[in-house]
Amino acid sequence: MSGLSQIASKTPRRQPYLLYGGTVLTMDPQATVLRDAEVLIDHGRIAAVGRAVTAPPGTHLLDVQGHLILPGLVQGHVHLGQTFFRGLAEGRRLFAWLRERIWPLEAAHDDESAYWCSLLGAAECLLSGTTTIQDIGIGPGTRGNLQAIVDSRLRAIAGKCLMDTGDDLPPALAEDTDSLLASTEALGDEFDGAGDGRVHYAINPRFILTCSDALWRGVRDLAERRSWPIHTHALEQLEETELVRSLHQGRDEIDYFDETGVLASDLRIAHGVQLDPKHYDRLGAERFAVVHCPSANLKLASGIADVVGLRGAGIPVGVGCDGAACNNDLDAFEELRLAALLQMLRHGPESFSGRDALRLATSEGARAIGLGEEIGSIEEGKRADLLVLDAAWPELWAAPPVDPHDLVAFSGAPGHVRYVFVEGEQLVEDGRLAHLNLATIRAEADRACQALLDRCGLSF
């Protein structure tokens, strides 16, 4: 697997920064907006927010007049290991999508291909304003996937994707249950806390239909013993939920998680499209969250999750692009905008505001993945994960009475991203990666992807 020296353009600066003159959308509980304000970054944290901030000697001054300063965007469900598969699985529903394309492609990964695939996806995330991801991982090539996340300097919750059974599952993806549990724990020992503490480990069983009862019990026990969260797919498509019910005496996924003890863990599910409202009150009292993936849910014809209903029950909801194989990009602005529009369609235009949409990718999205005390809002003492948008573009012009949350949620786009900070390090400068060589990543991705396609056994 290739080393960081190949892709590093320069070491990010760890020095105090004072961003001055911009409009700050804090996303704090009051949704405070500060105009012509300043944000001081020091030792990786937000040291001060307001006006007339006193900066220590040696502070780098960054003029952001005419810009919007937001918390870095949070994506609660991504597959960086599928970035190479963009456009390779079109026109299929979930099961055909998995069996005919995604599983054979994932089975062909090795550490080299997974590294460049994941780093390419990480670069796309950073350039479009995402600073934190929860990645569900892959099987073969897991070490490459995790190392790419570390080298990207994203904040991340990540781990190996676990499968030990399932119809039409390639042998490379169906691992022995005990070996699988041992390998994910060993990877957790190695990568939990990596990247100067930015990377946290999660246990990632793929979904009920590819994980045996024994594996789920092992996942539950491992989560309890190591205090690691569980990240899985659930209730994505009606066909999936009906099959789960047929195999488990009428029980749906939530019933199954309850009976196996998994629901008592820190459980985050992607999708939740088919989540029955009868479970809402119970789930609102658990350590449970849903990550909404509207583009993927539309592209695979899965349906529309009831985000308004979930939030009304006190269930934290985040947002995620899912993967390039079913989206087909990793643009969180598109997801939060689409999330709002779909809820307006379902519940009425007054039901979901631009501020609500932004919360899915900032403060509430951070809470959904267990990081609400650290990131997701611009408040003194929190981690300095920040996004600066250039508001000089015509689509970001608005009359003074317009709520800037609405402006960003419905008009913001990756092309507006000027600066991105993670842990106080400037990783995007003037719209370009400051610490990674994108040309090298693309060239290595071309090479590694072709090798993967050559060994996957599929014809395109």
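Parameters and conventions
- Residues numbered from 1 in each chain as written.
- Predicted model: local features only at pLDDT ≥ 70, side-chain atom pairs only at ≥ 80, totals over all residues.
- Heavy atoms only, no water.
- Pairing = 2+ DSSP bridges.
- Helix = DSSP H or I, 4+ residues; strand = E, 2+ residues; numbered from the N terminus.
- Axes fitted to C-alpha atoms, helices over the stretch in contact; angles between N-to-C directions.
- Contact = heavy atoms within 4.5 Å.
- Buried < 20%, exposed > 50% of the residue type's maximum accessible area, 1.4 Å probe, protein only.
- Polar contact = N/O pair within 3.5 Å; in protein donor to acceptor, adjacent residues only side chain to side chain.
- Expected span 1.5 Å × (residues − 1).
- Arc of directions from axis to C-beta.
- Salt bridge = Lys/Arg side-chain N within 4 Å of Asp/Glu carboxyl O.
- Parallel < 35°, antiparallel > 145°, perpendicular 65-115°, else oblique.
- Left-handed = near helix turned anticlockwise from the far one by under 90°.

(A) View of the sheet that holds strand S12 (residues 230–234). Strand order across the open sheet formed by 4 strands is S12-S13-S14-S15, with parallel pairing between neighbours. Pairing within the sheet leaves two strands with one partner each, and these edge strands are S12 and strand S15 (317–319). Geometrically, the sheet is characterised by an average inter-axis angle of 30° between neighbouring strands, direction not taken into account. Where S12 meets strand S13 (residues 267–271), 5 bridges bridge the pair, whose relative direction is parallel. When the sheet's bridge partners are listed, Ile230 is paired in S13 with Leu267. Along the sheet face, helix H8 (residues 253–260) touches S12, S13 and strand S14 (288–292) and points at about 150° away from the line of S12.

(B) Representation of the side chain of Gln134. Tracing the backbone shows Gln134 in strand S7 (residues 130–135). Accessibility expressed as a relative area gives 0% for Gln134, which makes it buried. In this structure the side chain of Gln134 is engaged in a polar contact, spanning 2.7 Å, whose partner is the side chain of Arg268. Not counting chain neighbours up to four residues away, the residues in contact with Gln134 comprise Gln75, Gly76, His77, Val78, Ile157, His231, Arg268 and Ile369.

(C) Focus on helix H4 (residues 177–191). For H4, built from 15 residues, the straight-helix expectation of 21 Å at 1.5 Å per residue is met to within 8% by its first-to-last C-alpha distance of 21 Å. Among all positions of H4, only Thr177, Leu180, Leu181, Thr184, Glu185, Leu187, Gly188 and Phe191 are buried. Along H4, the residues classed as buried sweep out an arc of 160° about the axis, all on the same side. The backbone nitrogen of Asp178 lies 3.3 Å from a side-chain oxygen of the residue at the head of H4, namely Asp176. Once H4 finishes, Gly193 follows within two positions and takes phi at roughly 90°, a positive value.

(D) Quick look at the pairing of strand S6 (residues 73–78). The element S6 is extensively covered by neighbouring structure, given that 6 of its 6 residues are classed as buried. Across 4 bridges, S6 lies against S7 in parallel orientation. Bridge pairing links Val78 to Asp135 in S7.

(E) Broad picture of the pattern of salt bridges. The full count for this structure, using the stated rule, is 32 salt bridges. Linking Asp196 and Arg153 is a salt bridge whose minimum nitrogen-to-oxygen distance equals 3.1 Å. With Asp196 in helix H5 (residues 194–197) and Arg153 in the loop between helix H3 (142–152) and strand S8 (155–158), the pair connects residues that are 43 residues apart, well separated along the chain. The salt bridge involving Arg355 is made with Asp403; its shortest N-O contact spans 3.6 Å. Note that Arg355 is positioned in helix H13 (residues 354–360) and Asp403 in the loop between strand S16 (386–390) and helix H15 (404–411), a separation of 48 residues in sequence.

(F) Broad picture of the packing of H3 against H4. Taken N-terminus to C-terminus, the directions of H3 and H4 make an angle of 20°; their axes are 12 Å apart at the nearest point. With respect to their mutual orientation, H3 and H4 come out roughly parallel. Note on packing geometry: the crossing formed by H3 with H4 is right-handed. Along its contact with H3, which presents Thr142, Arg143, Leu146, Gln147 and Val150, the element H4 presents Leu187, Glu190 and Phe191.

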